[in-house]
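# Structure assessment
These are the residues of each chain, in order.
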Amino acid sequence: MKILITGAKTATALKLSKAFNQFEILLGDYGDLPQITTNSYALVDLGTWNEEVLAHNLLTKCLDYGVDMLLPLYESEIGAVAKSLVLFDEFNVEVLL
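So, here is what we can say about the structure in this document. (Residues numbered from 1 in each chain as written. Predicted model: local features only at pLDDT ≥ 70, side-chain atom pairs only at ≥ 80, totals over all residues. Heavy atoms only, no water.)

Let us now look at the pattern of salt bridges. Applying the stated rule across the entire model yields 1 salt bridge. One salt bridge connects E24 with K2, and the closest N-O pair in it is separated by 3.7 Å. Placement of E24 in strand β2 (residues 24-29) and of K2 in strand β1 (residues 2-6) is noted, with a sequence separation of 22 residues between them. By relative accessible area, which is 18% here, K2 ends up buried. (Salt bridge = Lys/Arg side-chain N within 4 Å of Asp/Glu carboxyl O. Helix = DSSP H or I, 4+ residues; strand = E, 2+ residues; numbered from the N terminus. Buried < 20%, exposed > 50% of the residue type's maximum accessible area, 1.4 Å probe, protein only.)

Of all hydrophobic cores here, the largest spans 18 residues; its most connected members are L4, L58, L70 and F88. Looking at this core, the elements that each hand over two or more residues are β3 (42-45), α2 (54-65) and α3 (75-82). No other element matches the 5 residues that α2 contributes to this core. Apart from the residues lying within four places of it in its own chain, the contact partners of L58 are T6, Y30, L46, L70, E77, V81 and F88. (Core = buried A, V, L, I, M, F, W, Y, C linked by side-chain atoms within 4.5 Å. Contact = heavy atoms within 4.5 Å.)

The strand order across the open sheet built from 5 strands is β3-β2-β1-β4-β5, with neighbouring strands paired in parallel fashion. Only two strands of the sheet have a single partner each, and these edge strands are β3 and β5 (94-95). Note that β1 and strand β4 (residues 69-71) share 3 bridges and pair parallel. If you follow L4 over to β4, its bridge partner there is L70. (Pairing = 2+ DSSP bridges.)

Here α2 contains 12 residues, and its C-alpha end-to-end distance of 16 Å stays within 8% of the 16 Å for a straight helix at 1.5 Å per residue. Looking at α2, one finds that the buried residues are L54, A55, N57, L58, L59, K61 and C62. Close packing links the buried residues of α2 with β1, β3, β4, α3 and α4 (85-90). Positive phi appears at G66, one or two residues downstream of α2, with a value of about 65°. (Expected span 1.5 Å × (residues − 1).)

Turning next to the packing of α2 against α3. Across the interface, α2 lies against α3 with an axial gap of 8 Å and an inter-helix angle of 85°. Judged by the angle between their axes, α2 and α3 are roughly perpendicular. Of the residues in α3, those in contact with L54, A55 and L58 of α2 are S76, E77, A80 and V81. Looking at the contact of α2 with α3 residue by residue, the class counts come to 5 nonpolar, 1 polar and 1 charged. (Axes fitted to C-alpha atoms, helices over the stretch in contact; angles between N-to-C directions. Parallel < 35°, antiparallel > 145°, perpendicular 65-115°, else oblique. Nonpolar A, V, L, I, M, F, W, Y, C, P; charged D, E, K, R; others polar.)

As for its placement among the helices and strands, T6 is situated in strand β1. On the basis of relative accessibility, which here comes to 0%, the residue T6 falls in the buried class. Separated by 2.7 Å, the side chain of T6 and the backbone nitrogen of L73 make a polar contact. Dropping the residues within four chain positions of it, T6 is found in contact with A13, G28, L46, L58, L70, L71, P72, L73, Y74 and E77. (Polar contact = N/O pair within 3.5 Å; in protein donor to acceptor, adjacent residues only side chain to side chain.)

This is how it looks when you write it as C-alpha coordinates:
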(Lines give C-alpha, C1' and ligand atoms only; values in the text may rest on other atoms or scores of the structure.)
Protein backbone atom coordinates (compact mmCIF):
# COMPACT_ATOMS: atom_id res chain seq x y z
CA MET A 1 0.00 0.00 0.00
CA LYS A 2 1.24 3.46 -0.89
CA ILE A 3 0.46 6.53 1.25
CA LEU A 4 0.92 10.21 0.40
CA ILE A 5 1.48 12.52 3.35
CA THR A 6 1.47 16.23 2.54
CA GLY A 7 3.48 18.88 4.34
CA ALA A 8 6.81 17.22 3.55
CA LYS A 9 8.69 20.31 4.70
CA THR A 10 7.27 19.98 8.23
CA ALA A 11 8.49 17.96 11.17
CA THR A 12 4.94 16.65 11.60
CA ALA A 13 5.08 14.86 8.25
CA LEU A 14 8.37 13.18 9.13
CA LYS A 15 7.04 12.10 12.52
CA LEU A 16 3.83 10.73 10.99
CA SER A 17 5.77 8.82 8.37
CA LYS A 18 7.23 6.66 11.14
CA ALA A 19 3.73 5.54 12.12
CA PHE A 20 3.20 4.18 8.61
CA ASN A 21 6.55 2.45 8.14
CA GLN A 22 4.85 -0.72 6.88
CA PHE A 23 3.66 1.23 3.79
CA GLU A 24 5.48 2.79 0.86
CA ILE A 25 5.55 6.47 1.87
CA LEU A 26 5.55 9.55 -0.33
CA LEU A 27 5.99 12.91 1.36
CA GLY A 28 4.66 15.69 -0.82
CA ASP A 29 4.78 19.47 -0.66
CA TYR A 30 4.45 22.58 -2.82
CA GLY A 31 7.16 24.81 -4.23
CA ASP A 32 10.86 24.01 -4.21
CA LEU A 33 11.43 20.48 -2.99
CA PRO A 34 14.57 18.40 -3.45
CA GLN A 35 14.12 15.07 -5.19
CA ILE A 36 15.15 12.74 -2.38
CA THR A 37 14.43 9.06 -1.99
CA THR A 38 15.44 7.16 1.13
CA ASN A 39 14.71 3.67 2.41
CA SER A 40 11.87 5.19 4.47
CA TYR A 41 10.22 7.62 2.04
CA ALA A 42 10.41 9.58 -1.21
CA LEU A 43 9.77 13.30 -1.62
CA VAL A 44 7.36 14.33 -4.37
CA ASP A 45 6.45 17.72 -5.80
CA LEU A 46 2.77 18.66 -5.54
CA GLY A 47 3.15 21.57 -7.94
CA THR A 48 2.15 25.16 -7.28
CA TRP A 49 -0.09 26.01 -4.33
CA ASN A 50 -3.55 26.98 -5.62
CA GLU A 51 -6.35 26.88 -3.04
CA GLU A 52 -9.04 26.85 -5.72
CA VAL A 53 -7.99 23.42 -7.01
CA LEU A 54 -6.34 21.76 -4.00
CA ALA A 55 -8.58 18.68 -3.93
CA HIS A 56 -8.31 18.19 -7.70
CA ASN A 57 -4.54 18.59 -7.58
CA LEU A 58 -4.17 16.10 -4.72
CA LEU A 59 -6.42 13.54 -6.42
CA THR A 60 -4.42 13.92 -9.64
CA LYS A 61 -1.14 13.37 -7.78
CA CYS A 62 -2.60 10.34 -5.99
CA LEU A 63 -3.58 8.81 -9.33
CA ASP A 64 -0.25 9.74 -10.96
CA TYR A 65 1.76 8.06 -8.19
CA GLY A 66 -0.60 5.12 -7.62
CA VAL A 67 -1.42 6.24 -4.07
CA ASP A 68 -3.92 4.20 -2.05
CA MET A 69 -4.17 6.52 0.96
CA LEU A 70 -3.89 10.30 1.41
CA LEU A 71 -3.08 12.11 4.64
CA PRO A 72 -3.35 15.90 4.10
CA LEU A 73 -1.73 18.04 6.80
CA TYR A 74 -2.35 21.64 5.75
CA GLU A 75 -5.63 23.11 7.01
CA SER A 76 -6.68 24.30 3.54
CA GLU A 77 -6.04 20.84 2.09
CA ILE A 78 -8.08 19.18 4.82
CA GLY A 79 -11.06 21.46 4.13
CA ALA A 80 -10.87 21.00 0.38
CA VAL A 81 -10.46 17.23 0.55
CA ALA A 82 -13.25 16.87 3.15
CA LYS A 83 -15.64 18.48 0.66
CA SER A 84 -14.50 16.06 -2.05
CA LEU A 85 -14.49 12.73 -0.21
CA VAL A 86 -16.97 11.18 -2.64
CA LEU A 87 -14.62 11.92 -5.53
CA PHE A 88 -11.64 10.33 -3.76
CA ASP A 89 -13.81 7.32 -2.90
CA GLU A 90 -14.80 6.90 -6.56
CA PHE A 91 -11.12 6.51 -7.41
CA ASN A 92 -10.44 4.17 -4.45
CA VAL A 93 -8.21 6.64 -2.64
CA GLU A 94 -8.75 6.41 1.12
CA VAL A 95 -8.45 9.75 2.90
CA LEU A 96 -7.28 10.06 6.50
CA LEU A 97 -8.59 13.24 8.10
